[in-house]
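One letter stands for each residue in the lines below.
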Amino acid sequence: MLVLAAPSPSAAQRQRLSIDSAWRFTLGDPSDAEKPLFDDHAWRVLDVPHDWSVEGTPRQDAPGGGRVGYFPTGIGWYRRSFPLPAAARGREAWLEFDGIYMNSDVWVNGVHVGKRPYGYVSFAYDITKHLKPGVNVIAVRVDNSAQPNSRWYSGSGIYRHVWLSLADSMHVGHWGVSITTPTADSANASVVIRTRLENHHGAQRRGVLRSLILDPGGREVARKDSAFALPAGQQLEVEQRAELRAPKLWSIDGPNLYVLRSLILEGNRVTDSVRTPFGVRTIAFDKDRGFLLNGRGVKLRGVNLHHDGGAVGAAVPLRIWESRLQALKAMGANAIRTSHNPPAPEFLDLCDRLGFLVMAEAFDEWTFGKVPEGYHRYFAEWGERDAADFVQRDRNHPSIVLWSAGNEIGEQTSDSGVKVLRRLLDVLHRADPTRPVTTGNDQIHADGHPALEAFLSAEDVVGYNYVDRWHERREVFAEQDRHDHPDWKMVGTESGSIFQSFDERYSLGSDSTVPRPNYTTGMLQVERLWKWITTRDYFAGDFMWTGVDYLGESMWPFKGFGSGVLDITGRPKDSYFLYQSLWTDRPVLHLLPHWNWPGREGQTIPVLAYTNCSAVELFLNGRSLGEKRLEFPAQGTSGGWNTYALPRVAATTNDLHVSWDVAYQPGVLRAVGKRRDGSSCQTTEVRTAGPAVALRLCTDRDTVTAAPGEVALIRFSIVDSSGTVVPTADNVVRVSASGGRIIALDNADLQDHDPYQSTSRRAFNGRGLAILRPAGRGAMRVTAAADGLKEATMTITVP
């Protein structure tokens, strides 16, 4: 007998029970699998979230092709048996799925309760009348066989969490709470609460809706009571208003979160209770000032993110996203675009807690298709419902500041597209009138069939995908549009990144006698764009493509796309440090490439530094190779002719990086950075690595602990006798865990087709990643070994 893991609140109040554990799963499409008595004993037992595609091996003949990274897709079934909880008797029950990819059909005790084609939307079914005393059976059929249906890796299966909610027949509706803060500053804030009450009882119910606001410290700071009388079978929206004194505002640097507790009381009895986190803040997009948070201009320093987690596919443990977002925050990013679909709910919870600004995106297709089996096949029937559910689920997240109705939509160039856009705008504005709506438009000023002015003007904010793509716009960007449409509010929804090659391998070319480096020009377009954006207040900011490498959108033998500033294991690439030098005030000085080029002694190799120091002097084996200087923005005179407020910098370049041509010899490259006043800024070095002698393990955090239930991320590297990582090492590393299990191994090589669910992995650029799950509280001992190298061990403690 499989049982539910249940908390123990008052039996009268709402319960939300996780039913992630102990599902049975099979690939294929067996007959009668929806029937309660179907024999599933031979099926695999697993927990969800689960993605069966990532468990397979990329094949060049995969039906989805390179769009989905050459991974398998197909049809799968899930079943789960559970006893009816005692608390469910006489109460309503909802079965909630955070995400199933795709074309899901759900049965409860053999009764079909619903179908949802879209693989990224969350949904719930009222299963009250289908439950029975004793054992109940949920069956889910997932059909991802029609390919290709996506332009990137989608995953397959119940890849997000599943919940069973139990509530009184007089309750707050599903996604029935909306919280807004129309005015807010450090002195006062107004809070507007709209709560949808539903009475599914057979008679009228009377009671009180009590809304309690708790501050970030858990103290009650406001209370509102509203009496109601609700006839049987009816629903009612109750509006309440509260004032907060000296509120703690939600911001990028101070992501303070309040909590609304919505209670339904009948007499002294609480019959329903809902908890909703929210932030107190104001947002605005202004045609002249760009984006405003709490009345202050904030330039959006954004990244695009697809939804996969690399080696775990679409079923991404929270710790992986936490690690990635923390790394992006340290880079200086303050904004994320969820390209090109609604994300997991817990992803947005992280953004709320970490202080990211989010452009939440709904679709990649409307009525015009991009792939044969894509969402355009379902848009006419499901588009408006999916759009409404998308907003209603997420409208209370303070991190979300902008809705995107679609990405590179074909309708942007069509007369019919304006009508579709306006219908979606109506849906989104009804669900949330407080946030503007955009789309990512890639055909503004394009040759042939440019985006229509009527389409762009209908948007609340005009979104530019690759604002510098067409003709003279490589240099002038959106200046002409600013002149022609001074009332447009503008934002860069997607732009290019420093994309050297698919696998981020450095190369000096195939000619061993003449270096032809592949890493010296990719940053120039990025620098040119950022100079323009940062000096134009009216342009709200930009979202670069992408924050992290991702699976799919590839060409064989690659299984993914290497545009990220983090590789697919979450480790910073060189490009990360350019953005960090532009987006933060902390001293940054990073050298590239590595310094291991046997056979090229005496050849000229370009050495680059990404830095926000004013001057950098480079040394090779102690010998100075000269000082290079940069300044942006350049300062003009102040207070009089030829007078300057700060010490002058005699810049040697107009780029946002500096470089030297260096005759290669093994040894140590050392860079010394100085501020404009000559004081020390930062120092760094790269050195030629010796022979590989050992393995080294480290975690992605400062401690060697893991919270109960979370995964641990352990990085392994191959080092020489001095501890320097050997960037050319590709040894096969074997990983074992006592007190836990291996979820996946990865190495960031997008050409590696070995299964992720393995106990060994070839190192790539001398590095790799192990994702492990501790068995429970206590210690997990991890060992990494490779032939000819000293092994490494680490103990992870779960308190």
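Procedures and definitions
- Residues numbered from 1 in each chain as written.
- Predicted model: local features only at pLDDT ≥ 70, side-chain atom pairs only at ≥ 80, totals over all residues.
- Heavy atoms only, no water.
- Helix = DSSP H or I, 4+ residues; strand = E, 2+ residues; numbered from the N terminus.
- Buried < 20%, exposed > 50% of the residue type's maximum accessible area, 1.4 Å probe, protein only.
- Polar contact = N/O pair within 3.5 Å; in protein donor to acceptor, adjacent residues only side chain to side chain.
- pLDDT = per-residue confidence, 0-100.
- Contact = heavy atoms within 4.5 Å.
- Pairing = 2+ DSSP bridges.
- Axes fitted to C-alpha atoms, helices over the stretch in contact; angles between N-to-C directions.
- Salt bridge = Lys/Arg side-chain N within 4 Å of Asp/Glu carboxyl O.
- Phe/Tyr/Trp six-rings, centres within 6.5 Å; stacked < 30°, edge-to-face > 60°.
- Disulfide = S-S within 2.5 Å.
- Core = buried A, V, L, I, M, F, W, Y, C linked by side-chain atoms within 4.5 Å.

**Q** Quick question: what am I supposed to make of the side chain of Asn-596 here?
**A** Topologically, Asn-596 is positioned in the loop between strand E31 (589-592) and strand E32 (604-611). When its relative accessible area of 10% is taken as the criterion, Asn-596 is described as buried. From its side chain, Asn-596 meets the backbone nitrogen of Ala-689 in a polar contact 2.9 Å long.

**Q** Can you walk me through the confidence of the model for the chain in this structure?
**A** Predicted coordinates in regions of low pLDDT should not be interpreted in detail. Put simply, the chain has an average pLDDT of 95, and 98% of its residues get 70 or more. Counted against residues more than four places away or in other chains, residues 1-11, with its pLDDT under 50, gives 24 contacts.

**Q** Please explain the sheet that holds strand E7 (residues 111-116) as it appears in this structure.
**A** Each strand in a sheet pairs with its neighbour through backbone hydrogen bonds, running either in the same direction (parallel) or in the opposite one (antiparallel). The sheet built from six strands is open, its strands ordered E3-E2-E4-E9-E6-E7 with antiparallel pairing. Each edge of the open sheet is held by one strand with a lone partner, namely strand E3 (44-46) and E7. The mean angle between the axes of side-by-side strands here comes to 25 degrees, regardless of whether they run parallel or antiparallel. Where strand E4 (residues 74-83) lies against strand E9 (residues 135-144), ten bridges are found, and the strand directions are antiparallel. Bridge assignment links Tyr-78 to a residue of E9, and that residue is Val-140.

**Q** Where do I start with the pattern of salt bridges in this structure?
**A** Oppositely charged side chains are able to pair whenever their charged atoms sit close together. This structure, assessed with the given rule, holds 47 salt bridges. Note that Arg-676 is salt-bridged to Glu-631, the shortest N-O span being 3.1 Å. Taken together, the residues Arg-676 in the loop between strand E36 (668-674) and strand E37 (680-687) and Glu-631 in the loop between strand E34 (623-629) and strand E35 (658-663) connect sequence positions 45 residues apart. Residues joined in a network through salt bridges with shared partners are Arg-151, Asp-364, Lys-370 and Glu-553.

**Q** Which parts of the structure should I look at to understand the packing of aromatic side chains?
**A** If you walk through the whole model with that rule in mind, you get 31 aromatic pairs. Aromatic pair Tyr-70 and Trp-556: ring centres 5.0 Å apart, planes at 80 degrees, arrangement edge-to-face. You can see Tyr-70 sitting in the loop between E3 and E4 and its partner Trp-556 sitting in the loop between strand E29 (550-551) and strand E30 (560-561), a full 486 residues away along the chain. A residue is classified by how much of its surface remains accessible, and Tyr-70, at 9% relative accessible area, is buried. Aromatic side chains Phe-123 and Tyr-125 sit 5.4 Å apart centroid to centroid with 55 degrees between the ring planes, which places their arrangement in the tilted category. Side by side, Phe-123 and Tyr-125 carry an identical accessibility label, which is buried. Taken together, Tyr-101, Tyr-118, Tyr-120, Phe-363, Trp-366, Tyr-375, Phe-379 and Phe-455 form an aromatic cluster joined through their ring pairs.

**Q** What is the right way to read the side chain of Arg-141 from this model?
**A** Relative to the assigned elements, Arg-141 resides in strand E9. Residue Arg-141 is classed as buried on the basis of its relative accessible area of 17%. At 2.8 Å, the side chain of Arg-141 forms a polar contact with the side chain of Asp-29. Those residues in contact with Arg-141, other than ones at most four positions away along the chain, are Asp-29, Ile-75, Gly-76, Trp-77, Asn-103, Ser-104, Asp-105 and Trp-107.

**Q** Got a minute to help me understand the state of the cysteines in this structure?
**A** Working definition: the covalent bond between the sulfur atoms of two cysteines is a disulfide. Within the structure shown, the criterion is met by one disulfide. For Cys-613, the disulfide goes to Cys-681, at an S-S distance of 2.2 Å. Sign of the S-S torsion, about -80 degrees for the bond between Cys-613 and Cys-681, identifies this disulfide as left-handed. Residue Cys-613 is found in the loop between E32 and strand E33 (615-620), and its partner Cys-681 is found in strand E37; the two are separated by 68 residues along the sequence. The pair formed by Cys-613 and Cys-681 is uniform in burial state, with each residue classed as buried.

**Q** Mind showing me how you'd approach the pairing of E35 here?
**A** For a regular strand, the rule is simple: side chains alternate between the two faces of the sheet. Burial along E35 is one-sided: the face carrying Val-658, Trp-660 and Val-662 is buried and the face carrying Ser-659, Asp-661 and Ala-663 is not. Sheet analysis places E32 next to E35, joined by six bridges and oriented antiparallel. By the bridge assignment for E35, Pro-606 is matched with Asp-661.

**Q** Looking at this structure, I do not really get the sheet that holds E32. What am I missing?
**A** A sheet is described by the order of its strands in space; here three strands give the open sequence E31-E32-E35, paired in antiparallel fashion. Two strands lie at the open edges of the sheet, namely E31 and E35, each paired on one side alone. Put simply, the sheet's adjacent strands are angled 25 degrees from each other on average, direction ignored. Across four bridges, E31 lies against E32 in antiparallel orientation. Residue pairing in the sheet places Leu-592 in a bridge with Leu-608 of E32. Contacting E31 and E32, helix H9 (residues 574-583) runs over the sheet at an angle of about 40 degrees to E32.

**Q** Sorry, what's going on with the nonpolar core here?
**A** Buried together is how nonpolar side chains tend to be arranged in soluble globular proteins. Formed by 152 residues in total, the largest nonpolar core has its most connected members in Tyr-78, Phe-97, Val-140, Leu-328, Trp-366, Trp-595 and Ile-771. Top element by residues in this core is helix H4 (residues 415-431). It accounts for eight residues. Ignoring anything within four residues of it in the chain, the contact list for Ile-771 reads Ala-311, Val-312, Ile-320, Val-711, Ala-712, Leu-713, Arg-741, Ile-742, Ile-743 and Ala-744. By size, the runner-up hydrophobic cluster in this structure holds 25 residues, among which are Leu-695, Phe-716, Ile-718 and Ala-786.

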